[in-house]
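Here is what each chain is made of, one letter per residue.
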Amino acid sequence: MKSLRLFVWILPFLVFQASAQQQFTPWTKGAFETGQYRNVFVEMGYSQAEVDAKLEEVFNDVFRGPNKVYFEVGDSMAYVSDIKNHDARTEGMSYGLMVAVQFGEKDMFDRLWRWIKKYMQHQSGTREGYFAWSCKTDGTQNSQGAASDGELYFITALIFASNRWGNDTGINYKAEAQHILNCIQPREYTPEPRPAFGGFGPQPTANGQQQKAQMYLIDPETKLITFTPDGFGQRFTDPSYHIPAFYEVWAKWGDDGRSELWMECARKSREFLHKCINAETGLNGDQCQFDGSEMQMPRFPGMPQRPQGEAPRRNGNNNFRYDSWRVPMNIAMDYEWSCADGEWQRQYGEKIQNFFYQQGVDTFLDQYRTDGTLPEGNEILGAGGFRKLRHSIGLVATIAAVSVMCSHEKSKEFVDALWNARHEPFEDGYFDAYYDGLLRLFAFMHLSGNYRIIAAP
């Protein structure tokens, strides 16, 4: 009887120990194969009711609350605005589409797509099928050029919408996705004449005629996504644009006859991420060359020479900063969905969490050089009229999302920090409802098992 009482007494402890060990065990197969998603919050002790309520709260903060970034226009359209910059960007609009299809918000999705198609997408000409990356909130284009991550998300979200709602409810989502897929293939065009100073693009030929060039979203040689599909941005890439699992979605449900190409793009993208990330810290720069090496400051004819003895100016694009924040969460997504590079991704997850743990879970800053030292002066990228290093909730979110890949117990501290973080203005008044808010929402979706592959029925 005594031994039975002892067993009953220690049973809860044994159950707790088993649970504690299980909660830090990342899965080894992706959702493409299993159809299953982890709810890390529940594994770490939060109740399902608490998680559901928190996810709804964070969604409402971004799309329906007093600090929302989603605005409806008339009876049929809507846009997502980068409030601090007073514009609508393909980044935020494509994120809005992805959130809408993930949450089953068809009216929201359709409203956003109608605004995008009317004001952002080029319907003819050299840029046909591409999207103006920035517009005023009245639809006036600030720039005609595209930023490649917008197209990446538009295609994937449209395929998911097709799989979720079909193509006969007013918008043929599959046809819209296939149109973009066709338009992003290499095409020949004549660039605008290059300015005498500081311009980019092909040089004129000897007889004064402009050389032909190609426009493409994916570099044909490396199979890597470009920074921008134009003569300048096609020379390099942005690590935060690399989401290999999206290409697998295109291969499975794009039905554009290019499945082998898209699977090769996924493989090449994973290989690239190994090259562009610092082996000691896990940090990456905002942009880099296709081989993963750092960006070099270009010099053009007519630029003044650097004074003798003056050190070369540091290129801040090589630092870990705003765009870079997305890389940890993108790798986590690829792990959750595909797990095709699982061993490296698990090592990466713990490496980058170890770096930020050393800086302090509640005190790490939002910009670093890739060697882990802090940037200085103009090397710090400003935002919203401020140039300041902060403990930003957007980065808190993406580093917490990495926990789906990690087995060390530090992960729980990052998850708890995200759960408890308040998205509110800093003491100096800086507040980013848009970028911080959307990254926070994506992280809660990942960690609750609600950022999912939407497969065809």
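Not measured: the values here are computed from a predicted model.

Conventions and cut-offs
- Within each chain, residue numbers correspond to sequence positions counted from 1 in written order.
- In keeping with the predicted nature of the model, local features appear solely for residues at pLDDT of at least 70, side-chain atom pairs appear and are counted solely at 80 or more, and the whole-chain, interface and lining totals rest on all residues.
- Heavy atoms throughout the structure, all of them, feed into the side-chain values; hydrogens and water do not.
- Counting from the N terminus, the helices are DSSP H or I runs at least four residues long and the strands are E runs at least two residues long.
- Residue contacts are defined here by distance: any two heavy atoms, one from each residue, within 4.5 Å place the two residues in contact.
- Only the protein chains shown count as cover for residues, and the accessible areas themselves come from Shrake-Rupley with a 1.4 Å probe.
- At least two bridges found by DSSP between two strands is the condition for calling them paired.
- Among buried residues, those of type Ala, Val, Leu, Ile, Met, Phe, Trp, Tyr and Cys that are joined through side-chain atoms within 4.5 Å constitute a nonpolar core.
- Three labels apply to residues, based on accessible area from a 1.4 Å probe with only protein chains included: buried if under 20% of the type maximum, exposed if over 50%, partly exposed otherwise in between.
- To estimate how far a helix should extend, the number of its residues minus one is multiplied by 1.5 Å.
- Two rings belonging to Phe, Tyr or Trp (six-membered ring only in the last case) form a pair when the distance between their centres is within 6.5 Å. Interplanar angles under 30 degrees mark stacking, angles over 60 mark edge-to-face geometry, and anything in between is tilted.
- Here an axis means a line fitted to C-alpha atoms, over the contact stretch when the element is a helix, while the angle between two N-to-C directions is reported on a 0 to 180 degree scale.
- Throughout, a crossing is termed right-handed when the near helix is turned clockwise from the far one, and left-handed when it is turned anticlockwise from it by less than a right angle.
- The classification used treats Ala, Val, Leu, Ile, Met, Phe, Trp, Tyr, Cys and Pro as nonpolar, Asp, Glu, Lys and Arg as charged, and all other residues, Gly among them, as polar.
- Any carboxyl oxygen of Asp or Glu that lies within 4 Å of a side-chain nitrogen of Lys or Arg is treated as forming a salt bridge with it.

(A) Looking closely at the overall build of the protein chain. Assigned secondary structure in the protein chain consists of 15 helices and 7 strands. Restricting to contacts in the protein chain with at least 6 residues of sequence separation, those with at least 24 account for 69%. Of the roughly 20400 Å² that the protein chain leaves accessible, carbon and sulfur atoms contribute 49%.

(B) Here's a closer look at the sheet that holds strand β4 (residues 134-135). Strand order in the open sheet formed by 3 strands is β3-β4-β5, and the pairing between neighbours is antiparallel. The sheet terminates laterally at β3 (88-89) and β5 (141-143), the two strands that pair on one side only. In this structure, β4 lies alongside β5, joined through 2 bridges in antiparallel fashion. Bridged to Cys 135 within β5 is Gln 141.

(C) Summary view of the nonpolar core. Of all hydrophobic cores here, the largest spans 134 residues; its most connected members are Phe 63, Met 93, Phe 109, Phe 246, Trp 250, Trp 337 and Phe 356. Take this core: its biggest share by element is 10 residues, from helix α7 (residues 148-165). Contact partners of Phe 246, with chain neighbours within four places excluded, come to Met 98, Leu 152, Tyr 153, Thr 156, Met 333, Trp 337 and Tyr 451.

(D) Layout of helix α10 (residues 259-276). Taking 1.5 Å of rise per residue, the 18 residues of α10 would be expected to cover 26 Å, and the 26 Å separating its terminal C-alpha atoms lies within 8% of that figure. Looking at the packing, one finds that the buried side of α10 touches α8 (173-183), α9 (244-253), α11 (326-337) and α12 (342-359).

(E) Geometry of helix α13 (residues 393-401). A large share of α13 lies buried, amounting to 9 of its 9 residues. Within α13, the full set of buried residues consists of Ile 393, Gly 394, Leu 395, Val 396, Ala 397, Thr 398, Ile 399, Ala 400 and Ala 401. Each element contacted by the buried residues of α13 is listed here: α11, α12, α14 (410-420) and α15 (435-447).

(F) Structural context of the packing of aromatic side chains. Tallied over the entire structure, the rule returns 42 aromatic pairs. Pairing Phe 355 with Phe 356 gives two aromatic rings, centres 5.1 Å apart and planes at 85°, and the pair type is edge-to-face. Of the two residues, Phe 355 and Phe 356, both sit in the buried class. Between Phe 426 and Tyr 430 the ring centres are 6.1 Å apart and the planes differ by 40°, which places this aromatic pair in the tilted class. For Phe 426, a relative accessible area of 29% translates into the label partly exposed. For Tyr 430, a relative accessible area of 5% corresponds to the buried category.

(G) Main features of the packing of α11 against α12. Running from N to C, α11 and α12 point in directions that differ by 145°, and their axes come no closer than 10 Å. The crossing of α11 and α12 is left-handed. Counting all contacts with α11, which are made through Val 327, Pro 328, Ile 331, Asp 334 and Tyr 335, the residues of α12 involved are Gly 342, Trp 344, Gln 345, Arg 346, Tyr 348 and Ile 352. Class assignment of the residues belonging to the contact of α11 with α12 gives a composition of 7 nonpolar, 2 polar and 2 charged.

(H) Highlighting the packing of helix α4 (residues 48-63) against helix α5 (residues 90-103). Look at α4 against α5: their axes get within 13 Å of each other, and the N-to-C directions meet at 145°. Considering the relative orientation of α4 and α5, their crossing is left-handed. Between α4 and α5, the contacting residues are Leu 55, Phe 59 and Phe 63 on the first element and Gly 96, Val 99 and Phe 103 on the second.

(I) Structural view of the pairing of strand β1 (residues 70-73). When β1 meets strand β2 (residues 77-80), the two strands line up antiparallel, connected through 4 bridges. Bridge pairing in β2 places Tyr 70 opposite Val 80. Linkage of β1 to β2, two consecutive antiparallel strands, is achieved through a turn of 3 residues, within which Gly 74 is found at a positive phi near 60°.

(J) Main features of the environment of Gly 74. Within the secondary structure, Gly 74 is located in the loop between β1 and β2. Put simply, Gly 74 and Arg 111 are 37 residues apart on the chain and 9.6 Å apart in space, counted from C-alpha to C-alpha.

(K) How the structure looks around the pattern of salt bridges. Taken as a whole and judged by the stated rule, the model has 26 salt bridges. The salt bridge involving Arg 111 is made with Asp 107; its shortest N-O contact spans 3.0 Å. Here the residue Arg 111 and the residue Asp 107 both occupy positions in helix α6 (residues 106-120), the gap between them amounting to 4 residues, near one helical turn. A relative accessible area of 8% means that Arg 111 is categorised as buried. Taking the shortest distance from any N to any O, the salt bridge between Asp 334 and Arg 270 comes out at 2.8 Å. Within this pair, whereas Asp 334 is found in helix α11, its partner Arg 270 is found in helix α10, the two being separated by 64 residues in sequence. Both residues of the pair, Asp 334 and Arg 270, count as buried. Put simply, Asp 82, Lys 84, Asp 87, Arg 89 and Asp 432 are held in one network by salt bridges that share partners.

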